[in-house]
Amino acid sequence: MYDLIIVGAGPAGLTAALYAGRSRLKTLVLEKMVPGGRILLTETIENFPGFSGGITTYDLISRMKQQVDSLEVKIELEQVLEVDTKLKKVVTSAGAYSAHAIIIATGARAKKLDVPGEDRLTGRGVSYCATCDAPLYKEKNVVVVGGGNTVAEEAFYLARFAKSVTIIHRRDELRASAILQEKLRENKKIKFILSHTVSEINGQDKLESIKVKDVNTSKENIVACDGVFIYIGYDPDTNFLKNKIKLNGTGFIITDDIMATSHEGIFACGDCREKSLYQVITACADGAVAADSAYKYIVGKCK
Ligand code: NAP
């Protein structure tokens, strides 16, 4: 029996663990992969306060984990399969655990384009992780799909290896922040195909080309390329919570401003919850608030 179970060990979960540990709550963190979460798919973070010039995500996560390791917090690498919100019981790939309160910090995973060829050629030219795969595309031509901050950051990273990086976006302007857009325009290796969608991904044993469609004229073109990196947003990892706590139409957990969900004693923080700004700093802030709320809930309950 734990005081608190935290599901997920990304920046939100690790910060919640730090605050819970410092409140002397007996805490268990359950993580299905490795501590760090999705942020580890990016090499460097430039806008985390206190690190002018940026910090590698590996370094940032290692520091967060070190802080947690010094406290009475146990981290187990087990996938959570089920949460009993009433009994506050969590069933994992390896066992079952109970607690007085639970914090969900499961984050989100990359969305797919859902076009022909995408699944078949994943790992053979189609990728969702430039940090993992960019070195395979040295002096090659790659395209990146999407228009947000992630596309911009991954395009810079790919440009360090590839001969050319073409950003394909469905609208005539990106939604990435102004400073990133300025930097994109300055990079000679980065080109744009705007107002186009990707309708097919083609190749026999490995990627050879993609078919793009002009959203204004419906004219289709073939773009030859060696790699396609897809960054069109994220879906929350909340399937196991369907019909248990309130989710919005796209599966993000609905919380109030103290990170409480629709079920008492269950809190949520980070990219798995509905909010206006998805950043590492806001994930950490959520984690601190969720742990504080869980602490107050547990103390109130145990009085
Ligand atoms: P995002 O901001 O949601 O952008 C997704 C992009 O993909 C949008 O441009 C969208 O187009 C496009 N898109 C969505 N579905 C599509 C489809 N089916 N076909 C083609 N294009 C599609 O996602 P993100 O860039 O991954 O960022 C996620 C969150 O993390 C954001 O809040 C972002 O600010 C944050 N983030 C922050 C940083 C940073 O500050 N360092 C870095 C990375 C991410 P439309 O523009 O037409 O909607």
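So, here is what we can say about the structure in this document. Remember, predicted model here, so these are calculated numbers, not experimental data.

1. Quick word on the site of the ligand
Thinking step 1. The ligand sits among 18 residues. The nearest are Asn47, Thr150, Arg171, Arg175 and Gln279.
Thinking step 2. Between the ligand and glutamate 153 there is a distance of 2.9 Å, counted from a nitrogen atom to a side-chain nitrogen or oxygen.
Thinking step 3. Summarising the interface, the protein chains cover 77% of the accessible area of the ligand, which totals 910 Å² for the free molecule.
Thinking step 4. No other element matches helix α4 (residues 149-159), which puts 3 residues into the shell around the ligand.
Thinking step 5. Residue composition of the shell around the ligand, grouped by class: 5 nonpolar, 9 polar and 4 charged.

2. Quick look at the state of the cysteines
Thinking step 1. Here the structure, examined in full by the defined rule, presents 1 disulfide.
Thinking step 2. There is a disulfide in this structure between cysteine 129 and cysteine 132, and the S-S distance comes to 2.0 Å. Handedness here is read from the sign of the S-S torsion; for cysteine 129 and cysteine 132, about 80 degrees, the answer is right-handed.
Thinking step 3. Its sulfur unpaired, cysteine 269 is 6.4 Å from the next cysteine sulfur, which belongs to cysteine 272.
Thinking step 4. Taking relative accessible area as the criterion, cysteine 269 reaches 1% and is therefore assigned buried.

The rules behind these values
- Residues numbered from 1 in each chain as written.
- Predicted model: local features only at pLDDT ≥ 70, side-chain atom pairs only at ≥ 80, totals over all residues.
- Heavy atoms only, no water.
- Near = heavy atom within 4 Å.
- Polar contact = N/O pair within 3.5 Å; in protein donor to acceptor, adjacent residues only side chain to side chain.
- Areas by Shrake-Rupley, 256 points an atom, 1.4 Å probe, with all protein chains shown as cover.
- Helix = DSSP H or I, 4+ residues; strand = E, 2+ residues; numbered from the N terminus.
- Nonpolar A, V, L, I, M, F, W, Y, C, P; charged D, E, K, R; others polar.
- Disulfide = S-S within 2.5 Å.
- Buried < 20%, exposed > 50% of the residue type's maximum accessible area, 1.4 Å probe, protein only.

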